[in-house]
Amino acid sequence: MYSILVCDDEKDIVSALKIYLMADGYQVFEAYNGKEALEVLKEQDIHLVLMDIMMPEMDGLELCSKVKSEISYSHIPVILLTAKTTLESKVEGLTCGADVYVEKPFSIKQLHMQIENLLKLRQ
């Protein structure tokens, strides 16, 4: 069973994603900012991270950079889920190491396929 960390400061989004991902058979962990996410990464075997960019304490770009620069986590795929839709924001997200940049509102089907494809690539 794959485990996914969902990190977003909006509890409704975390709850909705958790319900959806658990229905697809994933184990889901949650965090509401980048600092909490790093703690989960230290304690759990995470296979993929879904994160928002705009969060308190440590934003998604800083978290993504930390994940991708830390040898223990650098192999973990990162999907940025964000309301930031400018080309500059997308480039910034991909520059910090994100594997995929998904704009809110997003299609659950598209997100499902992105997750599936990234996990298959990591096998």
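Definitions and cut-offs
- Residues numbered from 1 in each chain as written.
- Predicted model: local features only at pLDDT ≥ 70, side-chain atom pairs only at ≥ 80, totals over all residues.
- Heavy atoms only, no water.
- Helix = DSSP H or I, 4+ residues; strand = E, 2+ residues; numbered from the N terminus.
- Buried < 20%, exposed > 50% of the residue type's maximum accessible area, 1.4 Å probe, protein only.
- Polar contact = N/O pair within 3.5 Å; in protein donor to acceptor, adjacent residues only side chain to side chain.
- Contact = heavy atoms within 4.5 Å.
- Axes fitted to C-alpha atoms, helices over the stretch in contact; angles between N-to-C directions.
- Parallel < 35°, antiparallel > 145°, perpendicular 65-115°, else oblique.
- Left-handed = near helix turned anticlockwise from the far one by under 90°.
- Nonpolar A, V, L, I, M, F, W, Y, C, P; charged D, E, K, R; others polar.
- Expected span 1.5 Å × (residues − 1).
- Arc of directions from axis to C-beta.
- Phe/Tyr/Trp six-rings, centres within 6.5 Å; stacked < 30°, edge-to-face > 60°.
- Lys NZ or Arg CZ within 6 Å of the ring centre and 35° of its normal.
- Salt bridge = Lys/Arg side-chain N within 4 Å of Asp/Glu carboxyl O.

Draft legend 1. Seen up close, the environment of Lys120. Among the structural elements, Lys120 can be located in helix α5 (residues 108-122). Judged by relative accessible area, Lys120 falls into the exposed class, the value being 53%. Counting along the chain gives 98 residues from Lys120 to Met22, while the straight-line C-alpha distance between them is 18 Å.

Draft legend 2. Structural detail: the side chain of Asp8. As for its placement among the helices and strands, Asp8 is situated in the loop between β1 (3-7) and α1 (11-23). For Asp8, a relative accessible area of 1% translates into the label buried. Polar contacts involving the side chain of Asp8 include one to the main-chain amide nitrogen of Glu10, which spans 2.8 Å. Non-local contacts of Asp8, meaning those with residues more than four positions away in its chain, are made with Ile13, Val14, Ala31, Tyr32, Asp52, Met55 and Lys104.

Draft legend 3. View of the packing of helix α2 (residues 34-43) against helix α3 (residues 60-69). As a packed pair, α2 and α3 sit with axes 9 Å apart at the nearest point and diverge in direction by 25 degrees. By the angle between their directions, the pair α2 and α3 is classed as roughly parallel. Two packed elements cross with a definite hand, and for α2 against α3 that hand is right-handed. Contacts between α2 and α3 involve Gly34, Ala37, Leu38 and Leu41 from the first element and Leu63, Lys66 and Val67 from the second. Counted by class, the contact of α2 with α3 contains 5 nonpolar, 1 polar and 1 charged residues.

Draft legend 4. Inspection of α1 at higher detail. Relative to the 18 Å expected for 13 residues at 1.5 Å per residue, α1 spans 18 Å between its end C-alpha atoms, a close match to the ideal helical length. Those residues of α1 that sit buried are Ile13, Val14, Leu17, Tyr20 and Leu21. Seen along its axis, α1 keeps its buried residues to an arc of 135 degrees; they face one direction. Among the exposed residues of α1, those oriented more than 90 degrees off its buried face are Lys11, Asp12, Ile19 and Ala23. Buried positions along α1 lie against β1, β2 (27-31), β3 (48-51), β4 (78-82) and α5.

Draft legend 5. The environment of Ala16, seen in detail. Relative to the elements of secondary structure, Ala16 occurs in helix α1. A relative accessible area of 46% means that Ala16 is categorised as partly exposed. The spatial distance from the C-alpha of Ala16 to the C-alpha of Val40 is 19 Å, given a sequence separation of 24 residues.

Draft legend 6. Inspection of the packing of aromatic side chains at higher detail. Summed over the entire model, instances satisfying the criterion amount to 0 aromatic pairs. The ring centre of Tyr32 lies 5.0 Å from the NZ or CZ of Lys11, which sits over that ring.

Draft legend 7. Representation of the pattern of salt bridges in the model. This model, assessed by the stated rule, comprises 8 salt bridges. With its nearest N and O atoms 3.5 Å apart, the salt bridge here joins Lys104 to Asp52. One end of the pair, Lys104, is in the loop between β5 (100-103) and α5; the other, Asp52, is in the loop between β3 and α3, and 52 residues separate them in sequence. Of the two residues, Lys104 and Asp52, both sit in the buried class. For the salt bridge of Lys90 with Glu103, the shortest nitrogen-to-oxygen distance reads 2.6 Å. Of this pair, Lys90 sits in helix α4 (residues 87-95) while Glu103 sits in strand β5, and the two are 13 residues apart along the sequence.

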